[in-house]
Amino acid sequence: MNRKRLIAAALTLSVATLAAFQSAGAAERVRVRGTVESLDGDTLKVKSRDGKDITVALKSGWNVGGVIKAAVSDIKPGDFVGIASQPTDSGINGAIEVVIFPASMKGTGEGDRPWDSAPNSSMTNATVANAVTSVNGPTLTLTYKGGERKINIPDGTPVVTLTSATKADLKPGAGVFITGEQTGETAVSADRVAVGLNGTVPPM
């Protein structure tokens, strides 16, 4: 397999990783957000963002995908995005974070569902129909099967996209986002890890 095919395969793997995180079924699973403490074989130790020491048992064949910074200016009509947001007094949800999906992921996990990154938050995976810029940042109109939602993206909202990564990127201090099954009070079993690269903190 040549280098181009290896890169393509790695990116496909990272796409599959986040697709699983964003799927409707993932809402019934445990999500771990934190930083790597250590990786020993198939055991990943994570300090969660609420200060807990979590042990993640990685299943046979587990994989890793990368998360890197992007910008609001990268979002164009027709793009497929995943946006976590909260209700605001204006009646238009305010974004908490934005993931710009590669074109190959268009339609993945499409829809609007509850999310757990903040109180009363939801996750909307949808196509950008249009964008209007105001003094408070752009407001996107997102369309998905059976619905539509307008979401404002305030200045400073984390925006990321996906890339390839390797197990070597799971270094102490690296930010991670993991969806898995609770196996104990501070133990989780998982087969995928999303890791922030170049200091990026996965905001999902």
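Everything numeric here is computed off the predicted structure, so don't read it as measured data. (Residues numbered from 1 in each chain as written. Predicted model: local features only at pLDDT ≥ 70, side-chain atom pairs only at ≥ 80, totals over all residues. Heavy atoms only, no water.)

K.L.:
I'd like a rundown of the pairing of strand 11 (residues 175–184), residues and numbers included.
P.N.:
With six bridges joining them, strand 1 (residues 30–40) and strand 11 adopt antiparallel strand pairing. Residue pairing across strands places V32 opposite I178, the latter belonging to strand 11. For strand 11 and strand 12 (residues 187–196), the ladder comprises five bridges, and the chain directions are antiparallel. Along strand 12, the bridge assignment pairs Q182 with V188. Where strand 11 folds back on strand 12, the antiparallel hairpin that results is connected by two residues. (Pairing = 2+ DSSP bridges. Helix = DSSP H or I, 4+ residues; strand = E, 2+ residues; numbered from the N terminus.)

K.L.:
Give me the lowdown on the environment of G196, citing residues and values where you can.
P.N.:
Relative to the assigned elements, G196 resides in strand 12. Residue classification places G196 among the buried residues on the basis of a relative accessible area of 8%. Through-space distance from the C-alpha of G196 to that of G173 is 10.0 Å; in sequence the pair is 23 residues apart. Those residues in contact with G196 that lie beyond four places of it in its chain are V67, A174, G175 and P202. (Buried < 20%, exposed > 50% of the residue type's maximum accessible area, 1.4 Å probe, protein only. Contact = heavy atoms within 4.5 Å.)

K.L.:
I'd like a rundown of the nonpolar core, residues and numbers included.
P.N.:
The biggest cluster of nonpolar side chains holds 19 residues, and the ones touching the most others in it are I178 and V193. Counting only elements with at least two residues in this core, the list comes to strand 1, strand 2 (43–48), strand 3 (53–69), strand 11 and strand 12. Considering each element in turn, this core owes the most residues, five residues, to strand 3. If you look at the next biggest cluster of nonpolar residues, it comprises 14 residues, including I83, L140, I153 and V159. (Core = buried A, V, L, I, M, F, W, Y, C linked by side-chain atoms within 4.5 Å.)

K.L.:
Give a description of the packing of aromatic side chains that names residues and reports values.
P.N.:
A full pass over the atoms with the stated rule returns one aromatic pair. A centroid spacing of 5.6 Å and a plane angle of 45° characterise the contact between F80 and F101, whose relative ring orientation is tilted. Of this pair, F80 sits in strand 4 (residues 80–86) while F101 sits in the loop between strand 5 (93–100) and strand 6 (111–114), and the two are 21 residues apart along the sequence. What makes F80 buried here is its relative accessible area of 3%. What makes F101 buried here is its relative accessible area of 5%. (Phe/Tyr/Trp six-rings, centres within 6.5 Å; stacked < 30°, edge-to-face > 60°.)

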